[in-house]
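The primary structure of each chain is shown beneath.
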Amino acid sequence: MNCPNCSFRNAPDARFCENCGQPLERSCPNCGQATSAGARFCRHCGFDLATSAASTTRVPRSGGLDALRKAAPAAMADKILADREQMEGERKRVTALFADIVGSTTLAEAMDPEDWRDIVTGAHQRVSQAVYRYEGTIAQLLGDGVLAFFGAPLAHEDDPERAVRAGLQLLDSIHEYAAELAPRGLPSFQMRIGINTGLVVVGNIGTDLHMEYLAIGDTVNLAARVQGAADPDTILLTENSYRLTSSLFDVEDRGLITVKGKAEPIHIYRVIGERKGAVRARGITGLSSPMVGRQRELSVLLRTLDDLKAGRGSTVAVVGEAGLGKSRLIAEWRQQALAQFPPDGLRWVEGRCLSYGASMAHHLSTEILRGLLGVSPEAAAAEVQAALEETLRRTVPDDYMEIYPYLAHLLGLPLKEEAAGRVQYLDGPALQSRYIAAYRRLLLALSHERPTVIVCEDIHWADPSSVELGRQILSIITEAPLVVVFASRPDQDSVGWKLLTAARDVAGGGATELHLTPLSDVDSQQLVRNLLEIEALPEDVRGLILEKAEGNPFFVEEVIRMLIDQGVIERKEDRWVLTRPMGAFEIPDTLQGVLAARIDRLPEEAKRALQVASVIGRKFPVRVLEEVLRRQAS
């Protein structure tokens, strides 16, 4: 690693600079923040660095595909190896990311071969770091280019989003790498990226993480062709990837281009950056419906407001599978809750966990804290610092210096003099303890100042640091008018589920749990009528929507969206009409990711049974499946 004092390049495991003797820093594998090489615990998140150091794998200087794969995080490698027996010949929808060095032939000709090999290896390492950060997989090295898959062998419901985020992180990393290379005679070192979503067939996975992939159609080829059309330091998306990520990123429509091997031009988009404040869009533009089928659950939530007005706190858990309407129910409750209080009489704060955020230490904690301070997630450090200082001086003036240094440090704000001295020599556990005490004191003061509701969305993806902090401060509900809401899928093995367990154990606190089930047929039909605003929808179309959605509101919307996108139904004047016969039904891309991720979490035997059942048909006697599985096993 390079010394921050003299820039001397030291061995990767060096604790002190071999040139000037200064202590070196390394990145914490849990939160990514810089910490001293000799530290036992990360001073930012409390991660046990001493234990993890022995198991950390470094990419050998020689590079190569196997070296990049062996650099995969241990937890991710375990997931891949656990699935290796299930992967033979499995069709998966993946997002392919192809990254290549711009002008590599010209650059290589001007350099010594060994020096160029080292430079390419460094670039490939940065590619792998970005890919593994979002649980993608390095599939192939093609010349100086790298092909990565998101969705195989590990499937997530947001793999296209992960691919774009990995691409953006990679470009940032390459910019820094180019600055490092400039003194070595490379004033311009750039990469370009192409991203496409489609089908592949996944081959066997060996114990060395070796993977073979066969592309169906031109999924990978098109990603490579699109990469070739990209300008240096840019990312291009195909139409398939753009449709699945358009609500999350700002893009520039680059129109149609002609690529080799495609008879028709393809539509491409250049990624500009992450859209500020964006969340994954649900629903269909131009169509809306009142909430359907959740009146009982809503009435239970509204009753918690009576306790809040009386100064009593509680916890609420809203549990349900993806798409059953947890967020919609909470949004309806929020609208009615704010209407019951005078203006500014209720503080409502929301934080959302990310599917790729488990390694982002205190991600949920800091997002909630920013909400309590009244600043947006995109607010600059100066704005956050001013809000923190004003809030503490208003609510806890006597304890200001007992709270400010630790919350400021938690938020990543710069500290000076006395404040810096209070955190400088704390190890990880001690720092986490101060975070908890400061957070608790501020939240207690804010809740007494004004009744407060805190909503934690998608806690099945919560980061461990935030979960531990939340468990430690949850007892505040017995001391102040505070309602803490957890929205989660029924994943009891997730770290976030510990928050639900802790809520049940808070003595003297009210704990409400709502478990959402699929909509009834009557409610599903009402939802379709509300969205399409007519009674005269062709019966076969209505039946198809209800059959495929099976009472899941999100599935209802996505099936309707697909039929509209395919031109099967169109709006003419004030009614929807069937414009052409329906062909073979395919699951919408937005649902394939949700279903694939859920299937991948199944135990091996259950997954195999599901694969066999899918071949037999939609409905069949159980004894047929049992017989087929018995014959396979014999």
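Structure: above.
Engineer: I'm lost on the sheet that holds strand S12 (residues 347-352) in this one. Help?
Structural biologist: Backbone-to-backbone hydrogen bonds join strands into a sheet, with any given pair of strands oriented parallel or antiparallel. With parallel pairing, 5 strands are arranged side by side in an open sheet as S12-S13-S14-S11-S15. Only two strands of the sheet have a single neighbouring strand rather than two, namely S12 and strand S15 (510-515). The average undirected angle you get between the axes of adjacent strands in this sheet is 15°. As paired elements, strand S11 (residues 314-319) and S15 share 6 bridges and run parallel to each other. The partner of Val 318 across the bridge, within S15, is Leu 514.

Engineer: Sorry if this is basic, but what is going on with the side chain of Asp 463 here?
Structural biologist: The residue Asp 463 is located in the loop between strand S13 (452-457) and helix H16 (464-473) in this model. Although Asp 463 is buried, it makes no salt bridge; Arg 133 carries the closest opposite charge, 10 Å away. A distance of 3.3 Å separates a polar atom in the side chain of Asp 463 from the backbone nitrogen of Leu 364. Other than its neighbours up to four places away in sequence, Asp 463 contacts Gly 357, Ala 358, Met 360, Ala 361, His 362, His 363 and Leu 364.

Engineer: For this particular structure, what's the right way to read the pairing of S11?
Structural biologist: In the case of a regular strand, side chains alternate between the two sheet surfaces. Burial analysis of S11 places 6 of its 6 residues in the buried class, which makes it a mostly covered element. Both faces of S11 are covered, namely the face carrying Ser 314, Val 316 and Val 318 and the face carrying Thr 315, Ala 317 and Val 319.

Engineer: Would you mind showing me how to read the pattern of salt bridges here?
Structural biologist: Pairing is possible between side chains of opposite charge, provided their charged atoms come close. Following the criterion strictly, the structure yields 22 salt bridges and no others. Here Glu 161 and Arg 165 are joined by a salt bridge, their closest N and O atoms 2.8 Å apart. Of the two residues, Glu 161 and Arg 165 are both situated in helix H6 (residues 159-181); the distance of 4 residues between them amounts to about one turn of the helix. The same class applies to Glu 161 and to Arg 165, which are both buried. In this structure, Asp 307 and Arg 312 form a salt bridge, with 2.7 Å as the shortest nitrogen-oxygen distance. Taken together, the shared-partner salt bridges connect Arg 347, Glu 390, Arg 394 and Glu 449 into one network.

Engineer: Which parts of the structure should I look at to understand the nonpolar core?
Structural biologist: For soluble globular proteins, the rule of thumb is that nonpolar side chains tend to be buried together. Formed by 58 residues in total, the largest nonpolar core has its most connected members in Leu 388, Leu 407 and Phe 486. Per-element accounting of this core gives the leading share, 10 residues, to helix H15 (residues 428-449). Among residues more than four places away in sequence, those in contact with Leu 407 are Leu 369, Leu 388, Tyr 435, Ala 438, Tyr 439 and Leu 442. Counting 38 residues, the second largest nonpolar core, distinct from the first, contains Ala 99, Ala 163, Leu 170 and Ile 174.

Engineer: Quick question: what am I supposed to make of the pairing of strand S8 (residues 235-238) here?
Structural biologist: Neither face of S8 is left uncovered, since the one carrying Ile 235 and Leu 237 and the one carrying Leu 236 and Thr 238 both have all their residues buried. When S8 meets strand S10 (residues 266-274), the two strands line up antiparallel, connected through 3 bridges. Paired with Thr 238 across the bridge in S10 is Ile 268.

Engineer: What exactly am I supposed to notice about unusual backbone geometry here?
Structural biologist: Note: most residues except glycine have negative phi, and most peptide bonds are trans. A positive phi angle, near 60°, is found at Asp 233, a position not held by glycine. Classification of Asp 233 as partly exposed rests on a relative accessible area of 22%. Here Glu 417, not a glycine, exhibits a phi torsion of approximately 45°, which is positive. Position of Glu 417 among the secondary structure elements: in helix H14 (residues 417-424).

Engineer: Explain the packing of aromatic side chains to me, please; I cannot follow it from the model alone.
Structural biologist: Within a pair of aromatic rings, the relevant descriptors are the distance that separates the centres and the angle that separates the planes. Under the defined criterion, the tally for this structure stands at 6 aromatic pairs. Ring geometry for Trp 333 versus Trp 348: centroids 5.2 Å apart, planes at 75°, classification edge-to-face. Taken together, the positions of Trp 333 in helix H10 (residues 326-340) and Trp 348 in strand S12 put the pair 15 residues apart, joining distant regions of the chain. By relative accessible area, Trp 333 is classed as buried at 0%. Where Tyr 400 meets Tyr 404, the ring centres are 5.4 Å apart and the plane angle is 5°; that geometry is what we call stacked. Linking Tyr 400 with Tyr 404, this pair stays in helix H13 (residues 400-410), spanning 4 residues, or about one helical turn. As far as burial versus exposure is concerned, Tyr 400 and Tyr 404 are alike and both buried. Across the ring face of Phe 341, the terminal group of Lys 309 is positioned such that the distance to the ring centre comes to 5.6 Å. Looking at Arg 393, its charged tip hangs above the ring of Tyr 400, at a distance of 4.0 Å from the centre.

Engineer: So what exactly am I meant to see when it comes to the environment of Arg 347 here?
Structural biologist: In this fold, Arg 347 is placed in strand S12. With a relative accessible area of 6%, Arg 347 lands in the buried category. Each C-alpha atom of the pair Arg 347 and Gly 371 lies 9.5 Å from the other, and the pair is 24 residues apart in sequence. Residues within four places of Arg 347 in sequence aside, it is in contact with Leu 372, Arg 394, Leu 446, Ser 447, Glu 449, Arg 450, Pro 451, Thr 452 and Val 453. Here Thr 452 takes part through its side chain, which lies 3.2 Å from a polar atom of the side chain of Arg 347.

Engineer: Please explain the environment of Ala 310 as it appears in this structure.
Structural biologist: Within the secondary structure layout, Ala 310 lies in the loop between helix H9 (295-309) and S11. We classify Ala 310 as partly exposed; its relative accessible area is 48%.

About the cut-offs
- Residues numbered from 1 in each chain as written.
- Predicted model: local features only at pLDDT ≥ 70, side-chain atom pairs only at ≥ 80, totals over all residues.
- Heavy atoms only, no water.
- Pairing = 2+ DSSP bridges.
- Helix = DSSP H or I, 4+ residues; strand = E, 2+ residues; numbered from the N terminus.
- Axes fitted to C-alpha atoms, helices over the stretch in contact; angles between N-to-C directions.
- Buried < 20%, exposed > 50% of the residue type's maximum accessible area, 1.4 Å probe, protein only.
- Lys, Arg positive; Asp, Glu negative; His and termini not counted.
- Salt bridge = Lys/Arg side-chain N within 4 Å of Asp/Glu carboxyl O.
- Polar contact = N/O pair within 3.5 Å; in protein donor to acceptor, adjacent residues only side chain to side chain.
- Contact = heavy atoms within 4.5 Å.
- Core = buried A, V, L, I, M, F, W, Y, C linked by side-chain atoms within 4.5 Å.
- Phe/Tyr/Trp six-rings, centres within 6.5 Å; stacked < 30°, edge-to-face > 60°.
- Lys NZ or Arg CZ within 6 Å of the ring centre and 35° of its normal.

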